[in-house]
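# Breakdown of the fold
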Amino acid sequence: MKIAIISDFHIGYERFYEDAYIQAKNALDLAASMADALIIPGDVFDKRNPKPEVLAQAINIFRELKQRHWNAHVVSFSSANNTKIHTNIPIIAIPGTHERTAEGKENPLTLLSLAGLLVDNSESVVTIKKDDECVSIFALGGLSEEMVKPRLKELDPKPVPNNFNIFMFHQSTYELLPFSEHFIHNDELPQGYDLYVNGHIHNKVIDKIHNKDFLIPGSTVLTQLKDGEQEEKGFFIYDTVTKTFDFIKIKSRPFTSIRIKIDSVTPKKFSETLEYEISSVIEKYLPEKPIIKVNVSGNIEKGFKRLDMPIRSILVRFEDKVYLEIETKDLVDAETEKQIADIQEGKMYGQSIKEYGSNLFRSKLTEHGFDININVMELFAILCSSKKERALKEANEFFDKISNPISS
Ligand SMILES: [Mn+2]
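Residues numbered from 1 in each chain as written. Predicted model: local features only at pLDDT ≥ 70, side-chain atom pairs only at ≥ 80, totals over all residues. Heavy atoms only, no water.

## A word on the overall build of the chain
Stated formally: A run of H or I in DSSP counts as a helix once it spans at least four residues, and a run of E counts as a strand once it spans at least two, with each numbered from the N terminus. Values of the radius of gyration come from C-alpha atoms, whereas the globule rule sets the reference at 2.2 Å times the count of residues to the power 0.38. The rule is simple: take the accessible area with a 1.4 Å probe, protein chains only, and divide by the maximum for that residue type; under 20% is buried, over 50% is exposed, in between is partly exposed. What makes two residues a contact is simply this: any of their non-hydrogen atoms within 4.5 Å. Charged residues are defined narrowly, with Lys and Arg counted positive, Asp and Glu counted negative, and His plus the chain ends left uncounted. A charge is said to be at NZ when it belongs to Lys, at CZ for Arg, at CG for Asp and at CD for Glu.
Secondary structure assignment for the chain yields ten helices and 16 strands. Relative to its length of 408 residues, the chain is extended, with a C-alpha radius of gyration of 27 Å against a globular reference of 22 Å. Projected onto its principal axes, the C-alpha coordinates of the chain cover approximately 85 × 45 × 45 Å. Residue burial in the chain is summarised as follows: out of 408 residues, 47% are buried. Sequence-distant contacts, at least 24 apart, represent 68% of the contacts inside the chain between residues at least 6 apart. Between the averaged position of the 51 positive side-chain charges in the chain and that of its 61 negative side-chain charges there is a distance of 2 Å.

Structure below.
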């Protein structure tokens, strides 16, 4: 049997809303045309409570997949928590961490299963049959990391004799992300399966667990903008007879992460260097609109601060040509660091923290061309209002009163 392993569509992801939908749809259509069954290890949706229009996108995609002709069918289903399935179409999925709800509460992936558009494989064994061959999948839906080991111990899953067995989950593993002892180690996963499949990680991973293939296809849409996401997106087609697999690339928006080191940075130098580098990347991808992440390092020229760098104007200048993210945390800002150190050491040149703060606020206002005779503390109090709209409205009234004192 040919099994497509395809994951992390994040349908409804707000930043790249259209990409999430179109790339999921195209990838699933292509996978369905190449495989006998689809298995989806989580994060079909970006949120546990997607808006109706996002649910509609997913329903449209899966309804069309259901209408295709499938040679393989689900022939048995047994669940630890007595859930039922409402289709025998071989589209097998689990909710990921993004869809996770409190135990016993419905999540959006369960809704697709209730509607008979796919099979929710959480904590259950699904068997798919094509001709004489049977493939069984045990799956664990996305859980908080510390729950994985106790839950597996409780469920104690076992492969089905004589079938090709797949273990599917949606978690961090310690070998891939060695940050927390809560993350499950590869060798703590149940033994005896022929193939291990995971979601959650957004770049492609090919590895071994208990000496068997361990595959993570990565996401079909960019979300984290990590360096590892620069490689092409896609899915796996695994052949259960030859026990070999291919990675099938899909069309996805190009993403490049660039690092720029600049010494003695001034706002002008910052702007010129970034505009040159960004333009040359854009050129490479024309007519597409790529995603570029720029990481700027180096040190800032004396007399300037990180906040002086014209990031906003660069973003505005390129907004039609590129999705841009500019990171300046590696830019050494001696001036601001000195100010922070002074405050931490209580060196505020004889001023109280209130005076120091109001002088800083006044100098910023002056820099932006505001009248220096305004009551800075009154304006500060207005801006501290918890509601942004209300704060802006009252700040506008404050300025109207100053420019037009008679009418008040
Ligand atoms: Mn994900």
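Once the structure has been displayed, the description carries forward.
## Things to note about helix H10 (residues 388-403)
Applicable threshold: Under the convention used throughout, the expected extent of a helix is 1.5 Å for every residue step, that is, one less than its residue count.
Here H10 spans 23 Å end to end across 16 residues, near enough to the 22 Å set by a 1.5 Å rise per residue. Buried residues in H10 make contact with helix H9 (376-383).

## Re the sheet that holds strand E11 (residues 212-216)
Which entries qualify depends on this criterion: When DSSP locates at least two bridges between a pair of strands, those strands are taken to pair. Fitted lines through C-alpha atoms serve as axes, helices being fitted only where they are in contact, and the angles separating the N-to-C directions of these axes extend from 0 to 180 degrees.
Pairing is mixed across the open sheet formed by seven strands, whose spatial order is E3-E6-E7-E8-E9-E11-E10. Looking at strand neighbours, the two that pair on one side only are strand E3 (73-79) and strand E10 (205-209), the edges of this open sheet. Neighbouring strand axes in the sheet, compared pairwise and without regard to direction, differ in orientation by 20° on average.

## Considerations on the coordination of the manganese ion
For clarity, the cut-off: Because water is not among the atoms used, a metal site may look incomplete, as its donors are only the N, O and S atoms within 2.8 Å, or 3.2 Å for Na, K and Ca.
Only Asp8 (OD), His10 (NE2), Asp43 (OD) and His202 (NE2) from the protein reach the manganese ion as donors, at distances of 2.0 to 2.3 Å. Along the chain, the residues donating to the manganese ion fall in the pattern D-x1-H-x32-D-x158-H. Linking Asp43 in the loop between strand E2 (37-40) and helix H2 (52-66) with His202 in the loop between strand E9 (195-198) and E10, this pair joins segments that are 159 residues apart in sequence.

## Re the nonpolar core
Here is the rule we go by: Take the buried residues of types Ala, Val, Leu, Ile, Met, Phe, Trp, Tyr and Cys, join any two whose side-chain atoms come within 4.5 Å, and each joined set is a nonpolar core.
Grouped together as the largest cluster of nonpolar side chains are 31 residues, with contacts concentrated most on Phe9, Leu28, Ile40, Val44, Phe62, Ile91 and Leu112. Put simply, the parts of the chain that give this core at least two residues each are helix H1 (17-34), E2, H2, strand E4 (91-93), helix H3 (108-114) and strand E12 (234-239). Residue contacts for Phe9: discarding those within four places in its chain leaves Ala20, Ala24, Leu28, Ile40, Asp43, Val44, Phe62, Thr220 and Val221. Formed by 23 residues, the second largest nonpolar core is a distinct cluster that contains Met1, Val119, Ala139 and Tyr238.

## Remarks on the sheet that holds E2
The strand order E5-E4-E2-E1-E12-E13 describes an open sheet built from six strands, whose pairing is mixed. Each having just a single partner strand, strand E5 (119-120) and strand E13 (244-249) make up the two edges of the open sheet. Sheet analysis places strand E1 (residues 2-5) next to E12, joined by four bridges and oriented antiparallel. Looking at the pairing, Lys2 lines up with Asp239 of E12. Contacting E1, E2, E12 and E13, H1 runs over the sheet at an angle of about 15° to E12.

## A closer look at the pattern of salt bridges
Note the cut-off: Only one rule defines a salt bridge in this text: a Lys or Arg side-chain nitrogen within 4 Å of an Asp or Glu carboxyl oxygen.
The tally for this structure, following the rule as stated, stands at 22 salt bridges. Linking Glu367 and Lys364 is a salt bridge whose minimum nitrogen-to-oxygen distance equals 3.4 Å. Taken together, the residues Glu367 and Lys364, both in helix H8 (residues 353-367) and three residues apart, mark about one turn of the helix. Since its relative accessible area comes to 28%, Lys364 is described here as partly exposed. For Glu397, the salt bridge goes to Lys393, with nearest N and O atoms at 3.4 Å. Residue Glu397 and its partner Lys393 are located together in helix H10, separated by four residues, close to a single helical turn. Residue Glu397 is classed as partly exposed on the basis of its relative accessible area of 41%.

## Section: the environment of Ile291
With respect to the secondary-structure elements, Ile291 resides in strand E15 (residues 291-300). Judged by its relative accessible area of 1%, Ile291 falls in the buried class. Considered as a pair, Ile291 and Val281 are ten residues apart in the sequence and their alpha carbons are 9.9 Å apart. Beyond its immediate sequence surroundings of up to four residues, Ile291 is in contact with Phe16, Leu222, Leu225, Arg253, Pro254, Phe255, Thr256 and Tyr323.

## A short note on the packing of H9 against H10
Applied cut-off: Angles are sorted into four bins: roughly parallel if under 35 degrees, roughly antiparallel if over 145, roughly perpendicular if 65 to 115, and oblique for all others. Classification convention: Asp, Glu, Lys, Arg as charged; Ala, Val, Leu, Ile, Met, Phe, Trp, Tyr, Cys, Pro as nonpolar; all other residues, Gly among them, as polar.
Direction vectors running N to C along H9 and H10 enclose 155°, while the axes themselves pass 8 Å from each other. Between H9 and H10, the angle is such that the two are roughly antiparallel. Contact residues: Glu378, Leu379, Ile382 and Leu383 in H9; Ala391, Glu394, Ala395, Phe398, Phe399 and Lys401 in H10. Considered class by class, the residues forming the contact of H9 with H10 number seven nonpolar, no polar and three charged.

## Topic: the domain arrangement of the chain
Bring the parts together and some accessible area is lost; that lost area is often taken as the interface size. The criterion, for reference: Domain delimitation follows an automatic or database domain assignment.
When the domains of the chain are assigned, the result is domain 1 (2-249), domain 2 (254-347) and domain 3 (351-408). Using C-alpha coordinates to define each centre, domain 1 is positioned 53 Å away from domain 3.

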